[in-house]
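Tertiary structure, described
One-letter residues, chain by chain:
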Amino acid sequence: MYKAWTVKAAKQPMALETVDLGPLGAEDVEVAVEHCGLCHSDVSVFNNDWGNSQYPAILGHEVVGRVTAVGPNAKGRRVGQRVGVGWFSASDMHCRQCMSGNHHLCPQVQATIIGHRGGFASHIRAHWAWAFPLPEKLNFADAGPLLCGGVTVFAPLTRFARPTDRVGIIGIGGLGHMAVKFAAAYGCDVTAFTASESKFEEAKGFGANHAVSTKNSAGIKRLGGTFDLLISTVNVKLDWDALIGTLAPNGRLHVVGAVLEPIPVAAFSLILQQRSVSGSPTGSPVAIETMLDFAARHNIAPQTEHFPMSKINDAFARLASGKARYRIVLDADF
Ligand SMILES: [Zn+2]
Ligand SMILES: [Zn+2]
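Starting from 1, residues in each chain are numbered consecutively following that chain's sequence as written. The order in which chains are written sets their letters, starting at A; the order in which ligands are written sets their numbers, starting at 1. In keeping with the predicted nature of the model, local features appear solely for residues at pLDDT of at least 70, side-chain atom pairs appear and are counted solely at 80 or more, and the whole-chain, interface and lining totals rest on all residues. By convention in this description, side-chain values take in all heavy atoms of the structure and omit both hydrogens and water.

A short note on the sheet that holds strand 14 (residues 247–255)
Under the convention used in this document: Two strands qualify as a pair provided DSSP detects at least 2 bridges between them. Strands are runs of DSSP state E lasting at least two residues, helices are runs of H or I lasting at least four, and both sets are numbered from the N terminus onward. Working convention: axes come from line fits to C-alpha atoms, limited for helices to the stretch in contact. Angles between N-to-C directions cover 0 to 180 degrees. Contacts are residue-level and defined by heavy atoms, with any inter-residue pair within 4.5 Å sufficient.
Read across the open sheet, the 6 strands follow the order 12-11-10-13-14-15; overall the sheet is parallel. Two strands lie at the open edges of the sheet, namely strand 12 (210–213) and strand 15 (276–279), each paired on one side alone. Here the average twist between neighbouring strands, direction ignored, is 20°. Relative to strand 13 (residues 227–232), strand 10 (residues 166–170) runs parallel, the two sharing 4 bridges. Among the inter-strand pairings, V167 is bridged to a residue of strand 13, identified as L229. Of the strands in this sheet, strand 10, strand 13, strand 14 and strand 15 touch helix 3 (residues 140–160), which is tilted by about 165° from strand 13. The sheet strands contacting helix 4 (residues 174–186) are strand 10 and strand 11 (189–194), and the helix crosses strand 10 at an angle near 165°.

Here it is as structure tokens:
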């Protein structure tokens, strides 16, 4: 018997239901969920903000649990092993992207909570390649958010920044506070950009060397030409022109926050300073494993608030209120 917190239609409260998962796929593993982080993307799918939700939906894509079954063709995973599952839970394993290690760019990649049953449940299933063995040293109870938000900020950081670089993290929330921790541990000089000056001290506690208000256009202008990399985690409109102006020659604004309004970019501000604007979704399986190792080595975990999973509707309301500091994790209590 499998149980899951199920959404019947957009914005309808979740109800606990019995689910038939059917036979286990030959390459799949089944995981008994212990903890599952609550991410802004869960709220977006809950609300159908992106127009691609499929109901009934079982949300939750920052899963930590133990393998309870492995399909006959699953590789390198065994019953009892502690694993994590993130935003994606399968890819076709044979396309050009999969074969070059970019499984997260596979045209057939399966989002864990859109047309697939997610982790606010007693069990979840995933292709073996997307169920990541967790390093022993990791703080398991708080590791869930690393699987989605963590790799989303870690992948561009290690791809585009060197440890000697000046890096700015825009938005100090669920993603941003993890980005500050990763960038500081990586060795960068880190500036936190946040609309709430009340978060300045906390951002410094996460490892930021400097903090700047995103509302202070004059303060942002004074930083002109200084950053090698900016990682934007916000989903609101900002003074993008001023922020791009803070990039050094060859600097890059990298967007991982799903802001729905277009970001205006002036061609000359890119051309003359040879700057770039880019984006990325989560990360490849190898990026996720590398991130988990790095987090275990540097003792990096998100700052979390825990709710029992039976309080899932309260937890969604808490996240929607904007008051969660900084990431919510639900502990399975079926
Ligand atoms: Zn997420
Ligand atoms: Zn593929």
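Moving on, there is more to tell.
Observations regarding the coordination of the zinc ion (ligand 2)
Selection criterion: Here the coordinating atoms are restricted to nitrogen, oxygen and sulfur within 2.8 Å of the metal centre, or 3.2 Å for Na, K and Ca, and because water is not among them the sites may look incomplete. Donor angles set the geometry label: tetrahedral for four donors if every angle is between 85 and 135 degrees, square planar for four and octahedral for six if opposite donors exceed 155 degrees and the others are between 65 and 115, irregular for anything else. Here's how the labels work: a residue is buried when its accessible area is under 20% of the maximum for its type, exposed when over 50%, partly exposed in between, all with a 1.4 Å probe on protein chains only.
Coordination of the zinc ion (ligand 2) by the protein is provided by D92 (OD), C95 (SG), C98 (SG) and C106 (SG), with metal-donor distances spanning 2.1 to 2.3 Å. Coordination at the zinc ion (ligand 2) is tetrahedral: its 4 donor atoms span angles of 102 to 116° at the metal. For the zinc ion (ligand 2), the donor residues sit on a single chain with the sequence spacing D-x2-C-x2-C-x7-C. With respect to class, C98 is no different from C106; both count as buried.

A word on the pattern of salt bridges
Which entries qualify depends on this criterion: Whenever a carboxyl oxygen of Asp or Glu lies within 4 Å of a side-chain nitrogen of Lys or Arg, that contact is scored as a salt bridge.
Per the counting criterion, the structure on display carries 7 salt bridges. The salt bridge partner of E17 is K8, with a shortest N-O separation of 2.9 Å. You can call E17 partly exposed: its relative accessible area is 27%. Two residues, E62 and R327, come together in a salt bridge whose shortest N-O distance is 2.5 Å. Separated by 265 residues along the polypeptide, E62 in the loop between helix 1 (40–47) and strand 4 (63–70) and R327 in strand 17 (residues 327–331) bring together distant segments of the chain. Among the residues examined, R327 registers a relative accessible area of 5% and is labelled buried.

Topic: the pairing of strand 16 (residues 304–308)
Heads up, the rule is: With its strands directed away from the observer, a crossover is right-handed exactly when the path from the first strand over the helix to the second travels clockwise.
Across 5 bridges, strand 16 lies against strand 17 in parallel orientation. Bridge pairing in strand 17 links P308 to D331. Taken together, strand 16, helix 10 (residues 312–320) and strand 17 form a β-α-β motif whose crossover is right-handed.

Here's the deal with the coordination of the zinc ion (ligand 1)
For a metal with four tetrahedral donors the ideal donor-metal-donor angle is 109.5 degrees, while six octahedral donors give ideal angles of 90 or 180 degrees. Protein-derived ligands of the zinc ion (ligand 1) are C39 (SG), H61 (NE2) and C148 (SG), with the metal-ligand distances lying across 2.0 to 2.2 Å. Of note, the donors binding the zinc ion (ligand 1) are all from one chain and are spaced C-x21-H-x86-C. You can see C39 sitting in the loop between strand 3 (28–38) and helix 1 and its partner C148 sitting in helix 3, a full 109 residues away along the chain. What makes C39 buried here is its relative accessible area of 4%. Look at C148 and you get buried, because its relative accessible area is 7%.

Re helix 4
The α-helix winds at 3.6 residues per turn, so residues separated by three or four positions along the chain end up facing the same way. Applied cut-off: In a helix, the anticipated span is given by 1.5 Å times the number of residues less one.
If you check helix 4, its first and last C-alpha atoms are 19 Å apart, about what 13 residues at 1.5 Å a residue would give, namely 18 Å. Burial analysis of helix 4 places 11 of its 13 residues in the buried class, the great majority of the element. For helix 4, the full list of buried residues reads G174, L175, G176, H177, M178, A179, V180, K181, F182, A183 and Y186. Where helix 4 is buried, its residues touch helix 3, strand 10, strand 11, helix 5 (200–205), helix 9 (285–297) and strand 17. Within two residues after helix 4, G187 carries a phi angle of roughly 110°, on the positive side.

Details of the packing of helix 3 against helix 9
Basically, it comes down to this: By definition in this entry, angles of less than 35 degrees are roughly parallel, angles greater than 145 are roughly antiparallel, angles of 65 to 115 are roughly perpendicular, and the rest are oblique. Residue classes follow a fixed rule: Ala, Val, Leu, Ile, Met, Phe, Trp, Tyr, Cys and Pro count as nonpolar, while Asp, Glu, Lys and Arg count as charged, and any other residue, Gly among them, counts as polar.
It is at 9 Å that the axes of helix 3 and helix 9 come closest, and there the two elements cross at 95°. In this view, helix 3 runs roughly perpendicular relative to helix 9, as classed from their interaxial angle. Residues L146, L147, G150, V151, F154 and A155 of helix 3 form the contact with helix 9, whose own contacting residues are A287, I288, T290, M291, L292, F294 and A295. Residue composition of the contact of helix 3 with helix 9, by class: 11 nonpolar, 2 polar and no charged.

A closer look at the nonpolar core
This is how the line gets drawn: Joining through side-chain atoms within 4.5 Å is the link that ties buried Ala, Val, Leu, Ile, Met, Phe, Trp, Tyr and Cys residues into a set, and such a set is a nonpolar core.
Ranked by size, the top nonpolar core spans 83 residues in total, and within it L59, F120, L138, L146, L157, F182 and F316 carry the most contacts. In terms of residue count, the dominant contributor to this core is helix 3 (10 residues). Ignoring any residue separated from it by four or fewer positions in sequence, one finds L138 in contact with A143, L146, L292, A295 and A296. Residues F227, L238, I244 and L253 belong to the second largest nonpolar core, which totals 17 residues.

Some words on a nonpolar patch on the surface
We count it as follows: Residues form patches when they are more than 30% accessible in relative terms and have no salt bridge. Like charges link within 9 Å. Nonpolar side chains (Val, Leu, Ile, Met, Phe, Trp, Tyr) link within 5 Å. The method behind every accessible area is Shrake-Rupley, applied with a 1.4 Å probe, and residues are considered shielded solely by the protein chains displayed.
A contiguous nonpolar patch, built from F268, I271 and L272 and spanning about 380 Å² of accessible area, is present on the exposed surface. Take F268: it is sitting in helix 8 (residues 267–271).

Coordinates in, geometry out; function isn't part of it.
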